[in-house]
Amino acid sequence: MSLDHKITNQLEDHEQKIIALQANQNSALILSSAIVELWLSDRSDHTNWSKYACGILCIVKKSNPKANFFQLLDLNANILWEQEIYTPFCYEVVSKNFHYFPAKVKTKILVLIIQFFIGPKCRP
């Protein structure tokens, strides 16, 4: 597996190295990443949202099991949240910086909103 990780340039060089090292240790390849806020809603009408965390969202290709995952990492490369990208994967763009999809967390179905940041206004 090539180790040409695609890590956001919004991070400092030493932060990028920490994230890459974690991926290498887990035999994973980072296909894409961004600095995000992750918001959760567990109500069926999705009228109530809670900010879960801010961090680096990576799309990760794992070799064992052979699957792709979303992983939300902090700056120490700790996994704050993980979701397998299952087939079929339903994803909706609400606006340029807001995206959502259903996810399973501890047997609950949640809808997640991911807010992407273009500039340095959100640091994990």
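Just so you know, these numbers come straight off a predicted model, no measurement behind them.

Secondary structure summary: the chain contains 1 helix and 7 strands in total. The N-to-C order of helical and strand elements in the chain reads α-β-β-β-β-β-β-β. Expressed as a percentage of its 124 residues, the buried residues of the chain come to 40%. Nonlocal contacts in the chain, meaning residues at least 24 apart in sequence, comprise 49% of its contacts between residues at least 6 apart.

Before going further, it helps to spend a moment on the nonpolar core. Ranked by internal contacts, the top residues of the largest apolar core, which has 13 residues, are I7, L11, I19, I30, I56, C58 and V60. Broken down by secondary-structure element, the contributors of at least two residues to this core are α1 (13–25), β1 (28–41) and β2 (50–63). A34, V36, A53 and L72 belong to the second-largest nonpolar core, a separate cluster that totals 10 residues.

Structurally, S63 is set in strand β2. Residue S63 is classed as partly exposed on the basis of its relative accessible area, which comes to 38%. The sequence separation of S63 and S27 amounts to 36 residues, and the corresponding C-alpha distance is 6.4 Å.

Moving on to the packing of aromatic side chains. Summed over all chains, the structure comprises 1 aromatic pair. With centroids separated by 6.5 Å and ring planes inclined at 25 degrees, the aromatic side chains of F70 and W81 adopt a geometry described as stacked. Taken together, the residues span a long stretch of sequence, with F70 in strand β3 (residues 66–73) and W81 in strand β4 (residues 79–84) at a distance of 11 residues. Assigned by exposure class, F70 and W81 land together as buried.

Chain-level pLDDT for the chain is 78 on average; 76% of the residues reach the 70-or-more range. Note on residues 106–111: pLDDT under 50 across the span, and 22 contacts to partners over four residues away in sequence or across chains.

Scanning the entire structure with this criterion turns up 3 salt bridges. A salt bridge links K6 to D4; its shortest N-O distance comes to 2.9 Å. Among the ionic pairs, K51 bridges to E37, the shortest N-O distance being 3.2 Å. With K51 in strand β2 and E37 in strand β1, the pair connects residues that are 14 residues apart, well separated along the chain. According to the relative accessible area criterion, E37 is buried, its value standing at 12%.

Once that is clear, we can look at the pairing of β2. Bridge count for β1 against β2 is 12 bridges, and the pairing is antiparallel. Bridge pairing in β2 links L38 to A53. Bridge count for β2 against β3 is 8 bridges, and the pairing is antiparallel. For K62, the partnering residue across the bridge sits in β3 and is A67. Counting the residues in the hairpin turn of β2 and β3 gives 2 residues.

Conventions adopted
- Sequence order as written defines residue numbering, which begins from 1 separately in each chain.
- Two thresholds apply to this predicted model, a pLDDT of at least 70 for residue-level local features and 80 or more for giving and counting side-chain atom pairs, whereas whole-chain, interface and lining totals are computed over all residues.
- For side-chain calculations, the full set of non-hydrogen atoms in the structure is used, while hydrogens and water are omitted.
- A helix here means a DSSP run of H or I that spans at least four residues, while a strand means a run of E at least two residues long, and both kinds are numbered starting from the N terminus.
- Think of it in three bands: with a 1.4 Å probe and only protein chains considered, a residue is buried below 20% of the maximum accessible area for its type, exposed above 50%, and partly exposed in between.
- By definition in these notes, contact holds between two residues if any of their heavy atoms fall within 4.5 Å.
- Buried residues of nine kinds, namely Ala, Val, Leu, Ile, Met, Phe, Trp, Tyr and Cys, make up a nonpolar core once their side-chain atoms join them within 4.5 Å.
- A pair of aromatic rings is counted whenever rings of Phe, Tyr or Trp (Trp by its six-membered ring) have centres within 6.5 Å, and the orientation is called stacked for planes under 30 degrees apart, edge-to-face for over 60 and tilted otherwise.
- A residue's pLDDT is the confidence the predictor assigns to it, expressed on a 0 to 100 scale.
- By definition here, a salt bridge exists when the distance from a side-chain nitrogen of Lys or Arg to a carboxyl oxygen of Asp or Glu is within 4 Å.
- Being paired, for any two strands, means DSSP has found at least two bridges between them.

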